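Analysis of the macromolecular model
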Amino acid sequence: MTTETIRLLDLRRYMGAVGAQVPMPYGQPWRVPPQRPYGASALGVAAACLKGFYLNACVSNGVNDELRAALAVTRLPTKADRNWAFLGHVKTSMSANPLAPPGSLRRRHPKMLPEGAKPELLDVVNTARDEMVVRWLSDTSLRVGGLTGLHLVDLHLRENAACGECRSPHLHVCHRWGNVNGAAAKIKPDWRTVDGVITGGEIYRVSPAMVSSYFKYMTTEYAKYAAGHGMLLIQLAGANTGEPWSADAARGMLRRAGRRAELPGRITPKAFRHQITNDVLDASGGDPMVAKAVGNWASAQMVDEVYGHPDLHSPEFTQALRAVWGEDA
């Protein structure tokens with residue numbers, strides 16, 4: 001193809017070949033395993049380069065007015081555009097790129113746990129319940145609302161449970177309206193009870209350490225204080241001993257444990273979810289599909305955009321940087 005004959009459709013097909021989602025056949029992808037498709041940021045850069053190159057070539061040579069018109073499109077300015085631009089309040093249009101992937105390309109940097117936080121927290125917690133909470137948040141990507149909203153019937157902590165949805169020990173996070181403690185699951189997939197067995201909901205696999213901490217808690221504190229409401233986490237002190245434990249109480253426990261362990265920053269339940277997703281992504285060789293399945297995230301693309309940046313202290317990063325600096329022998 002030449003600058004005189006190429007069309008916008010051909011440029012879209014090229015973007016599909018390097019990893020963009022395009023509603024058309026585009027032939028054999030250029031980047032095949034072990035290479036990964038370009039991420040959202042790289043696709044945005046590629047789209048900008050394509051637009052700039054062909055606009056300049058078409059204008060300089062006075063050719064392909066059709067492609068030039070297709071690339072030189074505009075859009076209405078957003079509120080953010082007006083805030084960032086000089087004299088943004090008088091802008092009526094902004095340059096657009098029909099080749100760019102949809103959505104925001106801003107890369108987020110989630111806050112992880114401090115290094116060594118899990119053993120430090122386990123050393124300073126005061127009860128078997130608190131130990132279980134730390135282990136369950138560390139070994140799964142449970143949200144605190146889902147954890148504090150668990151009922152005992154949601155737990156299938158043995159092989160080949162009757163639900164038939166997961167062969168390994170697991171649990172079901174089910175959104176229920178009207179929990180006594182106000183806890184609610186963020187994601188609300190359908191669930192139901194079939195012959196006394198919970199099916200559906202969000203499914204999370206559990207580790208042997210989680211099962212062990214569960215039995216320790218159930219045979220000591222839960223057996224002593226449980227009030228018969230059927231929820232997993234209960235209050236262990238005060239006037240409402242035995243009643244369901246709230247998500248705010250769990251957050252407060254983690255915050256106080258973090259201070260006792262002298263960990264930097266504020267320990268939040270969300271940091272555990274970010275940490276395990278990042279760790280699974282590293283352990284799987286950067287496969288966002290594995291991290292998506294482990295964390296019950298909405299999409300692998302979101303996992304790649306949020307967690308797909310390299311560890312600045314990893315051996316691979318250091319080796320690549322030293323090679324560029326010319327320090328490798």
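Residues numbered from 1 in each chain as written. Predicted model: local features only at pLDDT ≥ 70, side-chain atom pairs only at ≥ 80, totals over all residues. Heavy atoms only, no water.

Right, let's get into a nonpolar patch on the surface. A cluster of nonpolar side chains, namely Phe86, Leu87 and Val90, defines an oily patch on the protein surface of about 360 Å² accessible area. Tracing the sequence through the fold places Leu87 in the loop between helix H4 (79-84) and strand E2 (94-95). Its relative accessible area of 46% is what places Leu87 among the partly exposed residues. (Patch = residues over 30% accessible without salt bridge, like charges linked within 9 Å, V, L, I, M, F, W, Y side chains within 5 Å. Areas by Shrake-Rupley, 256 points an atom, 1.4 Å probe, with all protein chains shown as cover. Salt bridge = Lys/Arg side-chain N within 4 Å of Asp/Glu carboxyl O. Helix = DSSP H or I, 4+ residues; strand = E, 2+ residues; numbered from the N terminus. Buried < 20%, exposed > 50% of the residue type's maximum accessible area, 1.4 Å probe, protein only.)

With that settled, consider the nonpolar core. Of all hydrophobic cores here, the largest spans 44 residues; its most connected members are Trp136, Leu171, Tyr217 and Leu232. Counting residues per element, the ones that place at least two in this core are helix H5 (117-124), helix H6 (128-139), helix H7 (144-148), strand E4 (170-173), helix H8 (208-225), helix H9 (247-260) and helix H10 (269-283). The residues touching Leu171, leaving out its near neighbours within four places in the chain, are Trp136, Leu142, Leu150, Asp154, Leu155, His156, Glu202, Ile203, Tyr204, Val206 and Met210. Membership of the second largest hydrophobic core comes to 17 residues, among which are Ile6, Val18, Val22 and Ala47. (Core = buried A, V, L, I, M, F, W, Y, C linked by side-chain atoms within 4.5 Å. Contact = heavy atoms within 4.5 Å.)

We now examine the pattern of salt bridges. For the coordinates displayed, the defined rule picks out 10 salt bridges. Between Asp10 and Arg7 there is a salt bridge, with the nearest N and O atoms lying 3.7 Å from each other. Classification of Asp10 by relative accessible area gives buried; the value is 9%. Through salt bridges with shared partners, one network takes in Arg7, Asp10 and Arg13.

Below, the discussion takes up the packing of H10 against helix H11 (residues 288-295). Between two packed helices, the angle of one axis relative to the other and the distance separating the axes together describe the packing. Put simply, H10 and H11 touch, their axes get as near as 8 Å, and they point 145 degrees apart. The two elements H10 and H11 meet at a crossing, and its hand is right-handed. Taking contact as the criterion, the partners of Arg273, Thr277, Val280 and Leu281 in H10 are, on H11, Pro288, Val290, Ala291, Val294 and Gly295. (Axes fitted to C-alpha atoms, helices over the stretch in contact; angles between N-to-C directions. Left-handed = near helix turned anticlockwise from the far one by under 90°.)

Quick look at H6 now. With 12 residues, H6 should reach 16 Å at 1.5 Å per residue; the first-to-last C-alpha distance of 16 Å fits that figure. Across the 12 residues that make up H6, a large majority, 10, are buried. For H6, the set of buried residues is Ala128, Arg129, Asp130, Glu131, Met132, Val133, Val134, Trp136, Leu137 and Ser138. (Expected span 1.5 Å × (residues − 1).)

What follows is about the side chain of Thr148. Along the polypeptide, Thr148 turns up in helix H7. We classify Thr148 as buried; its relative accessible area is 1%. Apart from the residues lying within four places of it in its own chain, the contact partners of Thr148 are Asn181, Ala183, Met231, Leu233, Trp245, Ser246, Ala247 and Ala250.

A few words on the pairing of E4. Here E4 shows a buried face lined by His170 and His172 and a second buried face lined by Leu171 and Val173. Across two bridges, the pairing between strand E3 (residues 155-156) and E4 is antiparallel. The residue bridging Leu155 from the neighbouring strand is Leu171, located in E4. Pairing analysis gives four bridges linking E4 to strand E7 (residues 202-205), with the strands arranged antiparallel. Looking across to E7, one finds that His172 is bridged to Ile203. (Pairing = 2+ DSSP bridges.)

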